[in-house]
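The lines below spell out each chain.
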Amino acid sequence: MASVSSRVAGDPSPADTEIPAPLLSTVTVPLDPARLPGGLVGLVEATRRSGLPAVWLRRENGLVGIGTAARFEASGTERFTRARQWWRRVSATARRENTVGGPGTGPLAFGSFAFADDSAFESRLVVPALVIGTADDGRTWLTQQSVDEHPPTAATALAAFEALLDSPPGRPDVPSGGRVRDGSLSGDQWMDAVAAGVRRISAGELHKLVLARDVVVDLDTAVEPAAVLSDLAHRYRDCWTYSVEGLIGSTPEMLIKVEDNVARARVLAGTLDRASAPADDPDYAQRVLWGSTKQRQEHEFAINSLLDRLTSYTDTMTVSSEPFVLELPNVWHLASDVTAVLNDAPSPTGKHRTPGALALAEALHPTAAVCGTPTATAADLISELEHLDRGPYAGPVGWVDSTGNGEWGIALRGAVLESPTTARLYAGCGIVEASDPAAELRETWAKFRPMLQALGVQAH
Ligand SMILES: C=C(O[C@@H]1C=C(C(=O)O)C=C[C@H]1O)C(=O)O
């Protein structure tokens with residue numbers, strides 16, 4: 001099947017109409033859940049010879065995309081705007097047949113965006129040739145998307161689905177044998193960067209800074225992405241397991257989810273490693289995490305940064321008065337869930353409509369959970385101290401449909417597959433005045449643990 005690819009770089013931002021966009025045709029049909037005996041994770045396992053799938057999955061439900069019908073890349077400060085313009089044009093002109101309806105049906109793109117304006121990473125939207133979706137409300141569907149002259153039909157969509165199932169179902173083996181080496185900075189160098197960050201905070205330059213580091217895993221055998229994704233999805237059921245063109249992981253943090261006119265976010269900041277917890281102390285997380293002024297302060301910066309930016313899009317916002325303790329297999333986090341009813345805003349066509357998921361992701365990125373407070377000072381200090389191109393790490397990752405519904409998580413607890421046997425992992429920590437560099441380094445290992453385990457490498 002044909003696919004098209006476009007790329008826009010450099011400033012200034014072109015007008016909507018100047019961005020070349022393919023004419024997309026899509027068909028969405030209901031899929032009998034019996035055709036997905038192992039659910040969406042089983043589907044990822046059963047299609048492992050069809051290349052790296054696009055994945056967005058939490059508990060049993062989400063989206064799996066196979067193949068590529070069209071894609072778009074952009075870099076620089078305008079990366080979000082351009083991607084939105086491209087997607088708006090594709091959505092506006094797409095021919096579609098959709099007998100299912102609801103979020104995630106019809107034209108759909110997965111995406112991943114660079115954390116930083118000056119990153120070498122190409123931010124992207126990817127329109128898969130086939131999308132299989134299941135939702136909490138029981139809908140199960142199949143969408144075929146193509147830029148061919150002949151639009152897809154229900155019959156071609158079902159035939160393409162059947163042709164995908166190329167492997168016996170069942171959990172593939174995680175790789176075994178690999179070594180972890182330093183990325184841009186050694187552990188000691190990174191602790192020096194944290195100490196420098198603490199000094200700058202003490203000097204009053206800023207309140208909070210998130211510093212990240214990378215490590216590289218060299219594997220003895222080629223990584224099987226289906227095995228990694230299956231392991232993450234089974235182990236980290238409360239996280240959103242994602243995969244977009246070599247960026248894979250399982251994030252606990254939701255930047256923004258839009259369903260009709262309601263937006264939801266899950267803000268995290270404040271972390272406690274479960275590996276170091278006493279076995280016979282059930283209140284440990286509550287006491288140590290919730291009771292810590294440092295952790296509560298880190299959390300407050302993160303939640304305030306989101307609320308400040310979300311407020312102009314809503315009149316009705318609900319956030320719990322106190323953060324709760326979120327338990328994951330590797331760590332506990334302080335978490336807050338936010339719900340906002342979105343305002344109608346006048347669009348260029350004069351119609352009123354609420355902002356879509358991608359527009360909100362652009363408006364909210366980067367929150368203080370991954371950058372700091374104030375944002376601009378923290379972003380400058382990150383480039384000065386980290387010596388790291390974060391690439392897509394800590395940027396938005398997720399999907400958007402043609403009505404503006406979508407989910408954009410923050411790409412945390414993940415890796416970029418740089419070659420079949422090389423994965424680069426990233427993890428960062430919120431730094432405040434009371435931070436201790438050695439404790440922050442340990443925290444990065446706790447955050448690397450999900451990917452290290454999924455890659456079959458001895459966890460630190
Ligand atoms: C930056 C990361 O995580 C973020 C930082 C946290 C913290 O400092 O406590 C907690 C959750 C995330 O918001 C990461 O996982 O790399």
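The structure presented is a predicted model; accordingly, all values stated were derived computationally and were not measured.

Asks: Explanation requested: the confidence of the model for the protein in the structure shown.
Replies: Atom-level detail of predicted coordinates should not be read off regions where pLDDT is low. On average, residues of the protein score 93 in pLDDT, and 95% of them are at 70 or above. Across the predicted assembly, pTM comes out at 0.96 and ipTM at 0.99.

Asks: For this particular structure, what's the right way to read the site of the ligand?
Replies: Among the 18 residues in the neighbourhood of the ligand, the closest are listed as Thr271, Ala369, Leu412, Gly428 and Gly430. Of all the secondary-structure elements, those providing two or more residues to the shell around the ligand are β12 (208-219), β16 (262-273) and β26 (422-431). The residue inventory of the shell around the ligand, partitioned by class, reads 9 nonpolar, 5 polar and 4 charged.

Asks: What is the right way to read the domain arrangement of the protein from this model?
Replies: The domains assigned to the protein are domain 1 (4-164) and domain 2 (178-454). Between domain 1 and domain 2, the C-alpha centre-to-centre distance is 24 Å. Each partner contributes residues to the interface: domain 1 has 37 residues there, and domain 2 has 39 residues. Only α1 (39-46), β3 (54-58), α2 (79-93), β7 (108-112) and β8 (123-127) provide two or more residues apiece to the side of domain 1 that touches domain 2. Of the residues assigned to the side of domain 1 that touches domain 2, the class counts are 25 nonpolar, 6 polar and 6 charged.

Asks: Is there a simple way to think about the packing of helix α4 (residues 187-202) against helix α10 (residues 437-454) in this case?
Replies: The angle between the axes and the distance between the axes are what describe a pair of packed helices. One way to put it is that α4 packs onto α10 with a least axis distance of 9 Å and a crossing angle of 125 degrees. In terms of their interaxial angle, α4 and α10 are classed as oblique. The chirality of how α4 crosses α10 is right-handed. Here Gly187, Trp190, Met191, Val194 and Ala195 of α4 come into contact with α10, specifically with Pro437, Ala438, Glu440 and Leu441. Of the residues that constitute the contact of α4 with α10, the class distribution is 7 nonpolar, 1 polar and 1 charged.

Asks: Is there a simple way to think about the packing of α1 against helix α5 (residues 225-235) in this case?
Replies: One can describe the packing of α1 onto α5 by two numbers: an axis separation of 9 Å at closest approach and a directional angle of 165 degrees. With respect to α5, the axis of α1 lies roughly antiparallel. In the packing of α1 onto α5, the handedness of the crossing is left-handed. Two secondary-structure elements touch here, α1 through Val41, Val44 and Glu45 and α5 through Ala226, Leu229, Ser230, Ala233 and His234.

Reading guide: rules and limits
- Residues numbered from 1 in each chain as written.
- Predicted model: local features only at pLDDT ≥ 70, side-chain atom pairs only at ≥ 80, totals over all residues.
- pLDDT = per-residue confidence, 0-100.
- Near = placed C-beta within 6 Å.
- Helix = DSSP H or I, 4+ residues; strand = E, 2+ residues; numbered from the N terminus.
- Nonpolar A, V, L, I, M, F, W, Y, C, P; charged D, E, K, R; others polar.
- Domains from an automatic or database assignment.
- Contact = placed C-beta atoms within 7 Å.
- Axes fitted to C-alpha atoms, helices over the stretch in contact; angles between N-to-C directions.
- Parallel < 35°, antiparallel > 145°, perpendicular 65-115°, else oblique.
- Left-handed = near helix turned anticlockwise from the far one by under 90°.

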